[in-house]
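Residue-level structural notes
Letter by letter, the chains look like this.
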Amino acid sequence: QVQLVESGGGLVQPGGSLRLSCAASGRSFSSYDMGWYRQAPGKQRELVAAIAINGRTNYADSVKGRFTISRDNAKKTVYLQMNSLKPEDTAVYYCKKEPGMYTIAYWGQGTQVTVSS
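Residues numbered from 1 in each chain as written. Predicted model: local features only at pLDDT ≥ 70, side-chain atom pairs only at ≥ 80, totals over all residues. Heavy atoms only, no water.

Close approach of charged atoms allows side chains with opposite charge to pair. Tallying each qualifying case throughout the model produces five salt bridges. Note that Arg38 is salt-bridged to Glu46, the shortest N-O span being 2.9 Å. A relative accessible area of 31% means that Glu46 is categorised as partly exposed. Its salt-bridge partner being Glu98, residue Lys96 comes within 3.1 Å of it at the nearest N-O pair. Across this residue pair, the class does not change: Lys96 and Glu98 are buried. The network of salt bridges with shared partners includes Arg38, Glu46, Arg66 and Asp89. (Salt bridge = Lys/Arg side-chain N within 4 Å of Asp/Glu carboxyl O. Buried < 20%, exposed > 50% of the residue type's maximum accessible area, 1.4 Å probe, protein only.)

This next bit is on the sheet that holds strand S7 (residues 67–72). Across a sheet, paired strands are connected by hydrogen bonds in the backbone, their directions being either parallel or antiparallel. Here four strands make up an open sheet; going across it, the order is S1-S3-S8-S7 and the pairing antiparallel. The strands lining the two open edges of the sheet, one partner per strand, are strand S1 (4–7) and S7. Shown here is a sheet whose adjacent strand axes are inclined to one another by a mean of 15°, direction ignored. Bridging between S7 and strand S8 (residues 77–82) involves six bridges; their strand directions are antiparallel. In the sheet register, Asp72 faces S8, and the bridge partner there is Thr77. (Pairing = 2+ DSSP bridges. Helix = DSSP H or I, 4+ residues; strand = E, 2+ residues; numbered from the N terminus. Axes fitted to C-alpha atoms, helices over the stretch in contact; angles between N-to-C directions.)

With that settled, consider the environment of Pro87. With respect to the helices and strands, Pro87 occurs in the loop between S8 and strand S9 (91–97). The spacing of Pro87 and Tyr102 is 15 residues in sequence and 39 Å in space, taken between C-alpha atoms. Discounting chain neighbours no more than four positions away, the residues touching Pro87 are Pro14 and Val115. (Contact = heavy atoms within 4.5 Å.)

So, on to the state of the cysteines. Under the criterion given, the structure shown has one disulfide. Between Cys22 and Cys95 runs a disulfide, and the two sulfur atoms are separated by 2.1 Å. Judged by the sign of its S-S torsion, about -80°, the bond between Cys22 and Cys95 is left-handed. With Cys22 in strand S3 (residues 18–24) and Cys95 in strand S9, this residue pair connects regions lying 73 residues apart in the sequence. Relative accessible area serves as the criterion here: at 0%, Cys22 is assigned to the buried category. Taking relative accessible area as the criterion, Cys95 reaches 0% and is therefore assigned buried. (Disulfide = S-S within 2.5 Å.)

Listed below in structure tokens is the structure:
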């Protein structure tokens, strides 16, 4: 079974930077579309960034130009580099293996990101 473990969250001041990591188990990481989602208190979980097998990326409008998603297939890891952080970025961030034609979705446990002065 696929396991996803997020790390790198924490407390940062507005304007600061943070890099999240998601380490995946299994032997088929390079065949997975991956995504980062976040959920703030009282709000629904939303897609932040996604990266496809071929490296194509998509971002929520709220993070375009500030966040960068990337993947290292050799390390079975997906990253989310977050720059120019704002208080409204505060949320629990989750890594997700997206479902495919022959695969189901898997979620990580989440990592807390708090942006506050």
